[in-house]
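# Residue-level structure breakdown
The lines below spell out each chain.
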Amino acid sequence: MSILEAVIGLVAPPECISCGVEGTAFCLACSSAEIITYGERCWSCGATSAGGRTCSSCRKDSPRYVWISTNYEGAAKKLINVYKFSGLRTAADNIAEIMNQTLHDFLTKAELAKLNYLIVPIPTATSRRRQRGFEHTKLLARVLSRKTGLATIDALGRLGQTRQLGAHRDVRLKQTEGKYYVRLPYLIKDRNILLVDDVVTTGATLRGATKTFRQAGAKRVDALIFAKRL
Ligand SMILES: [Zn+2]
Ligand SMILES: [Zn+2]
């Protein structure tokens, strides 16, 4: 937290985006009243699917399970907006709490312990990150890690974020084809990966990331997303 943020924090404690009560960006009462769960459906086509498993028609390059908290509308949309675009970092706690709830709706504590996921945030595109001054999915992953006790690692790199100095042009072109790459692949091999993102739209990013982790030798790839854009 910067000095400026600390000062702003002292002057104006967060208020619930919905009812205006002070002390939190989204109070528990509003959260339980206004967040309508996405439920046991395929993340991609919306068809009913037991346990939130990706249906057979949408399976290509998809995580096996994608658990979504809610649709991107109403209070959920407002919460994402204050978090990402107004830069209200404390909203990470509210969003991660709802995602943690979703995870526990689908998995028992024993199942979670057995899967022992590595939480991996989907990276924010460079220009947007610069605009907001922080990486919102990385912060969500960190808060989720604290809440679940699962480790988090910033293992997914997006090509084009770092300048590939010295690479020949044909090598650069080949690298850009894949769009993503895995950092620290020895930590990924044979592990179960839980990709984390705030909003899913077309799913191209999710599929690209999944493919990259499978190629890097991950055992299983699932995903936890806050909201699905309609
Ligand atoms: Zn409220
Ligand atoms: Zn489907």
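Everything discussed here concerns the structure shown above.
### What to know about unusual backbone geometry
Phi at Asn-116 is positive, roughly 45 degrees, even though this residue is not glycine. Mapped onto the secondary structure, Asn-116 falls in the loop between helix H5 (109-115) and strand S2 (118-121). Looking at Asn-116, the relative accessible area reads 40%, which means it is partly exposed. Even without being a glycine, Leu-184 presents a positive backbone phi close to 50 degrees. Considering the arrangement of structural elements, one finds Leu-184 in the loop between strand S5 (180-182) and helix H9 (185-188).

### Description of the pairing of strand S7 (residues 220-228)
Summarising burial for S7: nine of the nine residues are buried, a large majority. As judged from the five bridges shared by strand S1 (residues 66-71) and S7, these two strands associate in the parallel manner. The partner of Trp-67 across the bridge, within S7, is Leu-224. For strand S6 (residues 192-200) and S7, the ladder comprises eight bridges, and the chain directions are parallel. Residue pairing across strands places Ile-193 opposite Val-221, the latter belonging to S7. Considered for its hand, the β-α-β crossover made up of S6, helix H10 (residues 204-215) and S7 is right-handed.

### Points about the packing of aromatic side chains
Here the structure, examined in full by the defined rule, presents three aromatic pairs. Seen in terms of ring centroids, Tyr-83 and Phe-134 are 5.5 Å apart; in terms of plane orientation they differ by 70 degrees. Their pairing is edge-to-face. Taken as a pair, Tyr-83 in helix H3 (residues 74-84) and Phe-134 in the loop between helix H6 (126-132) and helix H7 (136-148) lie far apart in primary sequence, 51 residues in all. When sorted by exposure, Tyr-83 lands in the same class as Phe-134, which is buried. Ring pairing ties together the aromatic residues Tyr-65, Trp-67 and Phe-106, which thus form one cluster. Between Arg-41 and the ring centre of Tyr-38, over which it is positioned, the NZ or CZ distance is 4.0 Å.

### Let's talk about the coordination of the zinc ion (ligand 2)
Protein ligation of the zinc ion (ligand 2) involves Cys-42 (SG), Cys-45 (SG), Cys-55 (SG) and Cys-58 (SG), the donor distances falling in the range 2.3 Å. Along the chain, the residues donating to the zinc ion (ligand 2) fall in the pattern C-x2-C-x9-C-x2-C. Here Cys-42, found in the loop between helix H2 (28-34) and S1, pairs with Cys-55, found in the loop between H2 and S1; they are 13 residues apart in sequence, far enough to count as distant. What makes Cys-42 buried here is its relative accessible area of 0%.

### Points about the coordination of the zinc ion (ligand 1)
Taken together, Cys-16 (SG), Cys-19 (SG), Cys-27 (SG) and Cys-30 (SG) make up the full set of protein donors to the zinc ion (ligand 1), lying 2.3 Å away. Spacing between the donor residues of the zinc ion (ligand 1) along the chain follows C-x2-C-x7-C-x2-C. On the criterion of sequence distance, the pair formed by Cys-16 in the loop between helix H1 (3-11) and H2 and Cys-30 in helix H2 is long-range, its members being 14 residues apart. Across the pair, exposure class does not vary: Cys-16 and Cys-30 are buried alike.

### Some remarks on the sheet that holds strand S3 (residues 151-152)
In any sheet, the strands associate via hydrogen bonds between backbone groups, in a parallel or an antiparallel arrangement. If you trace the five strands from one edge of the open sheet to the other, you get S1-S7-S6-S2-S3, paired in parallel fashion. A single partner strand is all that each edge strand has here, and the edge strands are S1 and S3. Relative to the sheet, H10 contacts S1, S2, S6 and S7, its axis offset from that of S6 by approximately 165 degrees.

### Some thoughts on the packing of H3 against helix H4 (residues 91-106)
Close contact between H3 and H4 brings their axes to 9 Å; oriented N to C, the two are set at 140 degrees. Taken together, the axes of H3 and H4 are oblique relative to one another. The handedness of the crossing between H3 and H4 comes out as left-handed. Two secondary-structure elements touch here, H3 through Leu-79, Ile-80, Val-82 and Tyr-83 and H4 through Ala-91, Ala-92, Asn-94, Ile-95 and Ile-98.

Rules of the game
Going along each chain's sequence as written, the residues are numbered from 1 onward. Chain letters and ligand numbers both follow the written order, the letters beginning at A and the numbers at 1. Only residues with pLDDT of at least 70 are given local features in this predicted model, and only at 80 or more are side-chain atom pairs given and counted; all residues enter the totals for whole chains, interfaces and linings. With hydrogens and water set aside, each side-chain value is computed from the structure's full complement of heavy atoms. Here a helix means four or more residues in a row that DSSP labels H or I, a strand means two or more in a row labelled E, and each is numbered from the N terminus. For every residue, the accessible area (1.4 Å probe, protein chains only) is compared with the maximum for its type, and the residue is labelled buried under 20%, exposed over 50%, or partly exposed between those bounds. The criterion for strand pairing is that DSSP finds at least two bridges linking the strands in question. Crossovers are described as right-handed under a simple rule: with the strands pointing away from the observer, the path leading from the first strand over the helix to the second runs clockwise. Stacked, edge-to-face and tilted labels apply to pairs of Phe, Tyr and Trp rings (six-membered ring for Trp) whose centres lie within 6.5 Å, assigned for plane angles under 30 degrees, over 60, and everything in between, in that order. Placement of a charge over a ring requires the Lys NZ or Arg CZ to be within 6 Å of the ring centre, with the centre-to-atom vector within 35 degrees of the ring normal. Counted as coordinating are nitrogen, oxygen and sulfur atoms within 2.8 Å of the metal, or 3.2 Å for Na, K and Ca, while water is not included, which may make sites look incomplete. The contact definition used throughout considers only heavy atoms, calling two residues in contact when any of these lie within 4.5 Å. Angles shown run from 0 to 180 degrees and are taken between the N-to-C directions of axes, each axis being a line fitted to C-alpha atoms and, for helices, limited to the stretch in contact. Any angle between 65 and 115 degrees counts as roughly perpendicular, while under 35 counts as roughly parallel, over 145 as roughly antiparallel, and the rest as oblique. A clockwise turn of the near helix away from the far one marks a right-handed crossing, whereas an anticlockwise turn of less than a right angle marks a left-handed crossing.

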